[in-house]
Amino acid sequence: MTPGRRIAVVSDIHYASPGETARAGFEQRVITSPLLRWLARQYRHHLWMRDPLVHNHLIDQFLAHAADADAVVANGDYSCDSAFVGVSDPAACESARICLERLRTAFPDRTRSVLGDHELGKMSLFGGQGGPRLASWRVAVDTLRLEPFWRWEWDRFVLFGVTSTLLALPVFEPEILPEERAEWRALREQHLDDIRANLRALATDQRIVLFCHDPTALPFLWREGVVRACIDRIALTIIGHLHTPLVFRLSRILAGMPRVRFLGNTARRLSEALHQARLWRPFRVRLCPSLAGCELLKDGGFGWLELDPASAGTARLKTTSIPATPVSSL
Ligand SMILES: [Fe+2]
Ligand SMILES: [Fe+2]
């Protein structure tokens, strides 16, 4: 009998290289309105994350806790993206490089890594700076060796890693440089072709575990007939990006809300994601929290994906917390 497998899943590590650590206050600096700056500071201080640059120790704690895992999957967002343009920024690239190297060294040939939105660049939450850049795509794929699409077989389970920013490109288009739009669309088509071909090639008894950083991508996958045809074979879809179960629960409550187009780009993007969030349900979504969690609840941790190939082929994600360690700003 084939034994069960335990795969450690880690997401949103947001490592900070020395170059990023030196940019304390990077989010505040790009906000020109004093009122908005004050609101952003309150939100960061009390709810989301007081200082995004001081969590490097968490990767050590994760590696210690996950040492006996059969393998590791990292579900995106390796740097702090403090220039908002992804890993084409040398400091962000260095963060991601250190982070990925730590994982790959600890689990040689047993690590797979998903591309997150911050690898490619993401417009700042309140400041409207930055966005996805093709230069970051090239660095992510060529230098950091992040595969936009991957497939990994474990007994009767097939793990797939997809790139959410490509799949949800229509939502990100306003943040993309006009001269880069055609190439981004071509990359998206290629990505969809890879997904379609791999799903069609599955054997009838194979079960799928999908890794997708940002759930905004899932309604776009649902539009694909080949995805709908095998939706019952998706045992789990593991997302990251939301960082805390609190936001995941709120997303499900707000699923179906109207699109908001008059409060700026971030409100537009978030409301578009929530408008279609009912379509997350068929994918059997589970959240892998960020290592740090949110400031309000200190609910960070990581996940254990347990694969039992016996009988119906059960897959479960169990999340576990990492004990909080007091840190001070570097
Ligand atoms: Fe993140
Ligand atoms: Fe993210």
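Here is what the cut-offs are and how they apply
- Residues numbered from 1 in each chain as written.
- Chains lettered and ligands numbered in written order.
- Predicted model: local features only at pLDDT ≥ 70, side-chain atom pairs only at ≥ 80, totals over all residues.
- Helix = DSSP H or I, 4+ residues; strand = E, 2+ residues; numbered from the N terminus.
- Rg over C-alpha atoms; globule rule 2.2 N^0.38 Å.
- Buried ≥ 20, exposed ≤ 12 C-beta atoms within 10 Å, placed from the backbone.
- Contact = placed C-beta atoms within 7 Å.
- Pairing = 2+ DSSP bridges.
- Axes fitted to C-alpha atoms, helices over the stretch in contact; angles between N-to-C directions.
- pLDDT = per-residue confidence, 0-100.
- Expected span 1.5 Å × (residues − 1).
- Core = buried A, V, L, I, M, F, W, Y, C linked by C-beta atoms within 7 Å.

1. What to know about the overall build of the chain
Phase 1 of the analysis: For the chain, the count of helices and strands is 14 helices and 10 strands.
Phase 2 of the analysis: Here the C-alpha atoms of the chain give a radius of gyration of 19 Å, agreeing with the 20 Å that 2.2 N^0.38 yields for 330 residues.
Phase 3 of the analysis: C-alpha atoms of the chain, sized along the principal axes, occupy 60 × 40 × 40 Å.
Phase 4 of the analysis: The burial tally for the chain puts 45% of its 330 residues in the buried class.

2. Topic: the environment of tryptophan 152
Phase 1 of the analysis: Note on placement: tryptophan 152 falls in strand β4 (residues 150-154).
Phase 2 of the analysis: Classification of tryptophan 152 as partly exposed rests on a count of 16 C-beta atoms within 10 Å.
Phase 3 of the analysis: Counting along the chain gives 16 residues from tryptophan 152 to serine 136, while the straight-line C-alpha distance between them is 25 Å.
Phase 4 of the analysis: What tryptophan 152 contacts, discounting residues up to four positions off in sequence, is Arg112 and Leu159.

3. Overview of the sheet that holds strand β7 (residues 234-239)
Phase 1 of the analysis: An order of β4-β5-β6-β7-β8 is seen for the 5 strands of this open sheet, with the pairing classed as mixed. Unpaired on one side and paired on the other, β4 and β8 (285-287) mark the two borders of the sheet. Pairs of neighbouring strands in the sheet enclose a mean axial angle of 20°, with direction left out of account.
Phase 2 of the analysis: Here 6 bridges tie strand β5 (residues 157-162) to strand β6 (residues 207-212), and the two strands are oriented parallel to one another. Following the sheet pairing, valine 158 is matched in β6 by isoleucine 208.

4. Observations regarding the pairing of strand β9 (residues 301-308)
Phase 1 of the analysis: Judged from the 5 bridges that link them, strand β1 (residues 5-10) and β9 form a sheet pairing that is antiparallel. Each bridged residue has a counterpart across the sheet, and for isoleucine 7 the counterpart in β9 is leucine 305.
Phase 2 of the analysis: Where β9 meets strand β10 (residues 314-321), 8 bridges bridge the pair, whose relative direction is antiparallel. Residue pairing for β10: tryptophan 304 is matched across the bridge by lysine 318.

5. Concerning the confidence of the model for the chain
The predicted coordinates ought not to be read in detail in places where the model reports low pLDDT.
Phase 1 of the analysis: Within the chain, residue pLDDT values average 92, and 96% of them lie at 70 or more.
Phase 2 of the analysis: Across residues 325-330, confidence stays below pLDDT 50; counting only partners more than four residues off in sequence or on other chains, it has 9 contacts.

6. Looking at the sheet that holds β1
By way of backbone hydrogen bonds, the strands of a sheet pair with one another, either parallel or antiparallel.
Phase 1 of the analysis: Taking strand neighbours across the sheet as the criterion, the 5 strands line up as β3-β2-β1-β9-β10 in an open arrangement whose pairing is mixed. The sheet is open, and its two borders are formed by β3 (111-113) and β10, each paired with just one other strand. The sheet shows a mean angle of 20° between the axes of neighbouring strands, direction not considered.
Phase 2 of the analysis: By the bridge criterion, 4 bridges tie β1 to strand β2 (residues 71-74) in an arrangement that is parallel. Across the sheet, valine 9 pairs through a bridge with valine 73, a residue of β2.

7. A short note on unusual backbone geometry
Phase 1 of the analysis: Although it is not a glycine, aspartate 155 adopts a positive phi angle of roughly 55°.
Phase 2 of the analysis: The backbone of histidine 241 shows a phi angle near 70°, a positive value even though the residue is not glycine.
Phase 3 of the analysis: As for its position among the elements, histidine 241 is in the loop between β7 and α13 (245-254).
Phase 4 of the analysis: For histidine 241, a count of 25 C-beta atoms within 10 Å puts it in the buried group.

8. So, helix α14 (residues 265-275)
Phase 1 of the analysis: Inspection of α14 places Arg269, Glu272, Ala273 and Leu274 among the buried residues, and these make up the whole buried set.
Phase 2 of the analysis: On its buried face, α14 sits against α9 (169-172) and α13.

9. Some details on the pairing of β7
Phase 1 of the analysis: Burial analysis of β7 places 6 of its 6 residues in the buried class, the great majority of the element.
Phase 2 of the analysis: By the bridge criterion, 4 bridges tie β6 to β7 in an arrangement that is parallel. The residue of β7 that forms the bridge with leucine 210 is threonine 237.
Phase 3 of the analysis: Both β7 and β8 contribute to a ladder of 3 bridges, which runs parallel. Bridged to isoleucine 238 within β8 is arginine 286.

10. Observations regarding helix α5 (residues 90-106)
Phase 1 of the analysis: With 17 residues, α5 extends 24 Å from end C-alpha to end C-alpha; this agrees with the ideal 24 Å at 1.5 Å per step.
Phase 2 of the analysis: Buried within α5 we find Ala91, Ala92, Cys93, Ser95, Ala96, Arg97, Cys99, Leu100 and Leu103.
Phase 3 of the analysis: As for α5, its buried residues are in contact with α1 (18-21), α4 (57-65), β2, β3, α6 (117-120) and α7 (134-143).

11. Some words on the nonpolar core
Phase 1 of the analysis: Membership of the largest hydrophobic core comes to 88 residues, with the highest contact counts inside it found for Val9, Val10, Val72, Val209 and Leu210.
Phase 2 of the analysis: No other element matches the 7 residues that α5 contributes to this core.
Phase 3 of the analysis: Not counting residues within four places of it along the chain, the set of residues in contact with leucine 210 comprises Phe160, Val162, Ile234, Thr237 and Phe283.

12. What about the environment of methionine 257?
Phase 1 of the analysis: Mapping methionine 257 onto the fold places it in the loop between α13 and α14.
Phase 2 of the analysis: When the C-alpha atoms of methionine 257 and histidine 275 are compared, they prove to be 4.9 Å apart, with 18 residues separating the residues in sequence.

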